[in-house]
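Understanding the architecture of this molecule
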Amino acid sequence: MKVKFYGVRGSMPSPGEHTHQFGGNTSCVYVEQTNGKGLILDSGTGIAQLGEKLIEHTTPIAILLTHNHWDHIQGFPFFKPIYQADRDITIVVGDVEDEQTKNAILMQMSGSFFPVSYQHLPANITLNTQLATQKNFTLNSFNVFTAPLNHPGGGTAYCVHAEGKKIAYITDNELAPPGVVKTTVTQWADFIKDADLLIHDAQFTTEELTLKHGWGHSTFKQVAELAMQACIKNLAIISHDPARTDDELLAIETHLQANYGEHINIECAREGRTFEFTPSKD
């Protein structure tokens, strides 16, 4: 199984000379089994590049959305497979709180927002707003488990199981929110326990959290400690602050590796980075 990062930024795209090492596209990760079946995790601007790969095939496409904030859906109109006639595309929408915005990924292609209306797309697009409310479901030969995010407006985290491997994708998520806690740290540790790869947002430093508590993101330290608690093998931190430079991320990564690297492979996610896992029996 392969896991490749196509977008790693949070909030907004951030191209430029100070971000080219880690990348400036917003959240998109592709998980692919050895049989070619895949799952797309979020539809930020990184999905446009992924589309260049997938348009060469005709196999069904499945997208898991954590939630509907712009940085997780804004790449969809530029995803070339949606313009392929009869291409089957299933979109699972995270369990967001506002019933009126559950179809936001399509509605952004309407009115004065975008020149091509979603109703005129030639692909066969199925929008599912119920699957993410279930604890467990199967999609594209992946066994998927869910947990509610601690994030304004709601959303869903996913644990993806296939070929005897476990990939956890949790973004955007505040491990210690000031208000209602939908999933506790203990529950998160159980949810992701022994994962081969944890992908978790850490948009803030400990100092920054003081001013941004309740914004729905975690700190580098909080996520590293969760990974240690859950006996994670590999941790890739995602949803980088759009203003965070390559030098700053490298310094943070070096600090994390010095403090936690003896027990876990830990890194800040980079566009183009691929994790490969040898299939094993469940």
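Now for a quick tour of the structure.

Our next topic: helix H4 (residues 185–192). Turning to H4, its buried residues number three or more, namely Trp188, Ala189, Phe191 and Ile192. Buried residues of H4, seen end-on, are gathered within an arc of 160° and therefore sit on one face of the element. Structurally, H4 contributes buried residues whose contacts are with strand S8 (142–148), strand S9 (156–162), strand S10 (165–170), strand S11 (197–201) and helix H6 (220–229).

Throughout the structure, instances matching the rule amount to 8 salt bridges. Notably, a salt bridge pairs Glu52 with Lys80, separated by 3.0 Å at the nearest N-O pair. Taken as a pair, Glu52 in helix H1 (residues 47–54) and Lys80 in the loop between helix H2 (70–73) and strand S5 (88–92) lie far apart in primary sequence, 28 residues in all. Exposure remark for Glu52: the relative accessible area of 39% places this residue in the partly exposed category. Using a relative accessible area of 37% as the deciding quantity, one classes Lys80 as partly exposed.

On to the nonpolar core. Counting residues in each nonpolar core, the largest one holds 31 residues, and the members touching the most others are Trp188 and Ile192. Only S9, S10, H4, H6, strand S12 (234–238), helix H7 (246–260) and strand S13 (265–268) provide two or more residues apiece to this core. The leading source of residues in this core is H6, at 5 residues. The contact partners of Ile192, leaving out residues within four places of it in the chain, are Cys159, Lys166, Ala168, Ile170, Leu198, Leu226, Ala230 and Ile232. If you look at the next biggest cluster of nonpolar residues, it comprises 29 residues, including Val92, Phe137, Leu197 and Ala236.

Turning next to the packing of H6 against H7. Where H6 meets H7, the axes come as close as 11 Å, and the angle between the chain directions of the two elements is 35°. Of the two possible hands of crossing, H6 and H7 adopt the one that is right-handed. Touching Phe220, Lys221, Ala224, Glu225 and Met228 of H6 are Ile252, Leu256 and Tyr260, all from H7. Looking at side-chain class alone, the contact of H6 with H7 contains 6 nonpolar, no polar and 2 charged residues.

The next thing to look at is the packing of aromatic side chains. Evaluation of the coordinates by the stated rule reveals 4 aromatic pairs. Between Phe78 and Phe114, the ring centres sit 5.4 Å apart and the planes meet at 85°, which makes this aromatic pair edge-to-face. Taken together, the residues Phe78 in the loop between H2 and S5 and Phe114 in the loop between helix H3 (104–107) and strand S6 (124–128) connect sequence positions 36 residues apart. Exposure remark for Phe114: the relative accessible area of 17% places this residue in the buried category. Ring geometry for Trp188 versus Phe191: centroids 5.9 Å apart, planes at 65°, classification edge-to-face.

Attention now goes to the sheet that holds S13. As summarised here, the arrangement of the 7 strands in space is S7-S8-S9-S10-S11-S12-S13, forming an open sheet in which the pairing is mixed. Strand pairing shows two members of the sheet lacking a second neighbour, strand S7 (136–139) and S13, which therefore form its edges. Going across the sheet, the axis of each strand differs from the next one's by a mean of 20°, ignoring polarity. In this structure, S10 lies alongside S11, joined through 4 bridges in parallel fashion. Across the sheet, residue Ala168 finds its bridge partner in S11, namely Leu198. Strands S11, S12 and S13 of the sheet are contacted by H6, whose axis makes an angle of about 155° with S12. Sheet contacts for H7: S12 and S13; angle to S13, the most-contacted strand, approximately 165°.

This next bit is on the sheet that holds strand S1 (residues 2–7). Taken together, 7 strands build an open sheet; the order of strands is S6-S5-S4-S3-S2-S1-S14 and the sheet is mixed. On the outer flanks of this sheet lie S6 and strand S14 (274–276), each paired with one strand and no other. Between one strand axis and the next, the sheet turns through 20° on average, direction left out of account. Running over the sheet, H1 touches S1, strand S2 (28–32), strand S3 (38–41) and strand S4 (61–64) and is turned about 30° from S2.

This next bit is on the state of the cysteines. For the structure on display, the rule yields 0 disulfides. Cysteine Cys159 is unpaired, with the sulfur of Cys231 as its nearest cysteine sulfur at 14 Å. Judged by its relative accessible area of 1%, Cys159 falls in the buried class.

About the cut-offs
- Per chain, residue numbering runs from 1 following the sequence as it is written.
- The predicted nature of this model means local features are confined to residues of pLDDT at least 70 and side-chain atom pairs, given and counted, to a pLDDT of 80 or more, with totals for whole chains, interfaces and linings taken over all residues.
- Only hydrogens and water are removed before side-chain values are computed, so all heavy atoms of the structure are retained for them.
- Whether a residue is buried, partly exposed or exposed follows from its accessible area with a 1.4 Å probe, protein chains only, as a fraction of its type maximum: under 20%, in between, or over 50%, in that order.
- Counting from the N terminus, the helices are DSSP H or I runs at least four residues long and the strands are E runs at least two residues long.
- The directions from the helix axis to the C-beta atoms are what the arc is built from.
- The contact definition used throughout considers only heavy atoms, calling two residues in contact when any of these lie within 4.5 Å.
- Here a salt bridge means any side-chain nitrogen of Lys or Arg lying within 4 Å of a carboxyl oxygen belonging to Asp or Glu.
- Working definition of a nonpolar core: buried Ala, Val, Leu, Ile, Met, Phe, Trp, Tyr and Cys residues. They are joined through side-chain atoms within 4.5 Å.
- All axes here are fitted lines through C-alpha atoms, helices being fitted over the stretch that makes contact, and every angle between N-to-C directions spans 0 to 180 degrees.
- Here is the rule for handedness: rotate from the far helix to the near one, and if that takes an anticlockwise turn smaller than a right angle the crossing is left-handed, while a clockwise turn gives right-handed.
- Side-chain classes are defined by residue name, with Ala, Val, Leu, Ile, Met, Phe, Trp, Tyr, Cys and Pro counting as nonpolar, Asp, Glu, Lys and Arg as charged, and the others, Gly among them, as polar.
- Two rings belonging to Phe, Tyr or Trp (six-membered ring only in the last case) form a pair when the distance between their centres is within 6.5 Å. Interplanar angles under 30 degrees mark stacking, angles over 60 mark edge-to-face geometry, and anything in between is tilted.
- Strand pairing is defined by DSSP finding a minimum of two bridges between the two strands.
- When the sulfur atoms of two cysteines come within 2.5 Å, that pair is taken as a disulfide.

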